[in-house]
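Architecture and fold: a report
As a plain string of letters, each chain reads:
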Amino acid sequence: MVDKEKDTLSEFEKMRSGKLYRFNDEEVLASARHANELCAKLSTMTLYSPDYRSTIEDLIPGIPCTSAVNTPVRCDHGSGIKIGENTFVNYDCIFLDGAYVTIGSRCKIGPQCKFFTPQHPIDYELRREPVETCFPITIGDDCWLGGGVTVCPGVTIGPRCVIAAGSVVTKDIPADSLAAGNPAVVKRNLKN
């Protein structure tokens, strides 16, 4: 049954569902080409350019009109980025969105933050193949990620967190936490 399910899923569906998939698949490559072209176009724009809104909405379908992503921005697909209301993403952010990258409402994302969902195989022989898995990233409402924060595959950052600039988040961070470091660790609870 599992093998039949794997055979019925497209490589793109496997990518989105955390299964091993081939990133040289034509549907996956077409999505990446579309995103690459839109990111290149956005790199010539500002938030105030006449075509900015329609272009960012083409790249990130469903982005609320109350949210903005400063340019330049880079991503693998764009369609894997979900952003809540009143969220601001600053300059030079990177979204490797093979799996979903979900950012809540009222978040502040500093410049040069990176969100990496892909995980290459540990086995070197399998890593020679054009395959990987992707694990979703979730950022809760009301979070602030300082400049240069890196979020690794499969990480969830709870609501109302502050992640210090330059931190590398390799494990889940509970709600209401101030976390810092490489790897990021909780320094204190923000409710106390």
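Read on for an overview of the structure. Since the structure is predicted, the reported quantities are computational estimates derived from the model, not experimental observations.

Burial along strand E11 (residues 131-134) is two-sided: the residues Val131 and Thr133 and Glu132 and Cys134 are all buried. Pairing of strand E1 (residues 21-22) with E11 involves two bridges; the strand directions are antiparallel. Across the sheet, residue Arg22 finds its bridge partner in E11, namely Val131.

All right, on to the environment of Pro153 then. Of note, Pro153 is situated in the loop between strand E14 (150-151) and strand E15 (156-157). Owing to a relative accessible area of 22%, Pro153 belongs among the partly exposed residues under this scheme. Separated by 144 residues in the primary sequence, Pro153 and Leu9 place their C-alpha atoms 22 Å from one another. With residues near it in sequence (within four places) discarded, Pro153 still touches Phe116, Thr117, Pro118, Gln119 and Phe135.

Let us now look at the nonpolar core. Judged by nonpolar contacts, the single largest core of 41 residues is most densely connected at Leu59, Phe95, Phe115, Leu145 and Ile157. If one sorts the elements of this core by residue count, helix H3 (residues 26-42) sits on top with four residues. Those residues within four positions of Phe115 in sequence are excluded, and the remaining contacts are Ile94, Phe95, Leu96, Val101, Ile103, Ile109, Ile137, Ile139, Leu145 and Val151. Counting six residues, the second-largest nonpolar core is a separate cluster that includes Met15, Val28, Ala99 and Cys134.

On to the packing of aromatic side chains. Each aromatic ring pair is characterised by the separation of its centres together with the angle its planes make. Per the stated rule, a full pass over the model turns up one aromatic pair. Residues Phe95 and Phe115 carry aromatic rings whose centres are separated by 4.9 Å and whose planes lie at 10° to one another, so their mutual orientation is stacked. Of this pair, Phe95 sits in strand E6 (residues 93-96) while Phe115 sits in strand E9 (residues 114-116), placing them 20 residues apart in sequence. Between the NZ or CZ atom of Arg16 and the centre of the ring of Tyr100, over which it lies, the distance is 4.9 Å.

Here we take up the environment of Pro118. With respect to the secondary-structure elements, Pro118 resides in strand E10 (residues 118-119). Between the alpha carbons of Pro118 and Leu96 there is a distance of 6.9 Å; along the sequence they are 22 residues apart. Other than its neighbours up to four places away in sequence, Pro118 contacts Leu96, Glu132, Thr133, Cys134 and Pro153.

To continue, consider the sheet that holds strand E18 (residues 177-181). Taken in spatial order, the seven strands line up as E2-E5-E8-E13-E16-E18-E19 in an open sheet, and their pairing is mixed. Since the sheet does not close on itself, it has two edges, and those belong to strand E2 (68-69) and strand E19 (184-189), each with one partner. Relative to E19, E18 runs antiparallel, the two sharing five bridges. The partner of Ala179 across the bridge, within E19, is Val186.

This next bit is on the sheet that holds E1. Read from one edge to the other, the open sheet built from three strands follows the order E1-E11-E10, with strand pairing classed as antiparallel. Each of the sheet's edge strands pairs with one partner strand only, and the pair in question is E1 and E10. Of the pairings in the sheet, the one linking E10 to E11 comprises two bridges and is antiparallel in character. Along E11, the bridge assignment pairs Gln119 with Thr133.

Calculation rules
Residues numbered from 1 in each chain as written. Predicted model: local features only at pLDDT ≥ 70, side-chain atom pairs only at ≥ 80, totals over all residues. Heavy atoms only, no water. Buried < 20%, exposed > 50% of the residue type's maximum accessible area, 1.4 Å probe, protein only. Helix = DSSP H or I, 4+ residues; strand = E, 2+ residues; numbered from the N terminus. Pairing = 2+ DSSP bridges. Contact = heavy atoms within 4.5 Å. Core = buried A, V, L, I, M, F, W, Y, C linked by side-chain atoms within 4.5 Å. Phe/Tyr/Trp six-rings, centres within 6.5 Å; stacked < 30°, edge-to-face > 60°. Lys NZ or Arg CZ within 6 Å of the ring centre and 35° of its normal.

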